[in-house]
Amino acid sequence: MTENDKKLIAEAKRVREFAYCPYSKFAVGAAVLGASGEIYGGCNIENASFSVTNCAERTAIYNAVSAGEEDILAIAVVAEGPEPVPPCGACRQVIEEFRIPHIVMANLADEVKEMTLGELLPGAFSAENIIE
Ligand code: THU
């Protein structure tokens with residue numbers, strides 16, 4: 001784990017406190033590292049219409065993209081659980097879209113797992129599959 005990974009986990013833990021999760025009560029925090037060196041956090045934001053919920057990973061990625069980051073180097077996700085929490089399928093597709101090469105998962109017991117993009121979503125559908 002790199003020093004940047006540690007910073008990302010710390011930021012993910014910090015913003016996890018802001019999670020809006022009245023339905024699941026499952027608070028998640030995420031943070032991404034932009035090529036500029038800036039770190040962007042995001043939490044999960046639920047909705048009474050459950051499917052409208054935004055996961056922490058997507059909140060963090062969209063936060064970075066909205067700030068003008070064109071390249072995202074890494075993402076961390078943190079939640080409480082018996083093992084590091086893995087990104088859901090929808091978030092894997094978004095992580096693929098922005099080609100984030102390094103994914104770090106952690107729980108509050110500081111257990112950590114690392115994955116590459118290829119490990120996270122093998123055989124992904126991506127821009128190359130769209131024939132114009
Ligand atoms: N959730 C995330 O924010 N990230 C994940 O990787 C898994 C799930 C959120 C969505 C929902 O608000 C709650 O956790 C329970 O599924």
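Our subject is the structure listed above.
Residues numbered from 1 in each chain as written. Predicted model: local features only at pLDDT ≥ 70, side-chain atom pairs only at ≥ 80, totals over all residues. Heavy atoms only, no water.

1. Let's talk about the packing of helix H2 (residues 56–66) against helix H3 (residues 89–97)
Here's step 1: Between H2 and H3, the least distance of the axes is 9 Å, while the angle of their chain directions is 25 degrees. One way to sum up the angle between H2 and H3 is to call them roughly parallel. Considering the relative orientation of H2 and H3, their crossing is left-handed. Residue-level inspection shows Glu-57, Arg-58, Ile-61 and Tyr-62 of H2 in contact with H3, the latter providing Ala-90, Cys-91, Val-94 and Ile-95.
Here's step 2: Its residues assigned to classes, the contact of H2 with H3 shows six nonpolar, no polar and two charged. (Axes fitted to C-alpha atoms, helices over the stretch in contact; angles between N-to-C directions. Helix = DSSP H or I, 4+ residues; strand = E, 2+ residues; numbered from the N terminus. Parallel < 35°, antiparallel > 145°, perpendicular 65-115°, else oblique. Left-handed = near helix turned anticlockwise from the far one by under 90°. Contact = heavy atoms within 4.5 Å. Nonpolar A, V, L, I, M, F, W, Y, C, P; charged D, E, K, R; others polar.)

2. Some thoughts on the state of the cysteines
Here's step 1: Tallied over the entire structure, the rule returns zero disulfides.
Here's step 2: Summary of cysteine pairing: Cys-43 is not part of a disulfide, and the nearest cysteine sulfur, belonging to Cys-21, is at 8.4 Å.
Here's step 3: Of the residues examined, Cys-43 reaches a relative accessible area of 11% and is grouped as buried.
Here's step 4: Free cysteine: Cys-91, not disulfide-bonded; nearest cysteine sulfur from Cys-55 at 3.8 Å. (Disulfide = S-S within 2.5 Å. Buried < 20%, exposed > 50% of the residue type's maximum accessible area, 1.4 Å probe, protein only.)

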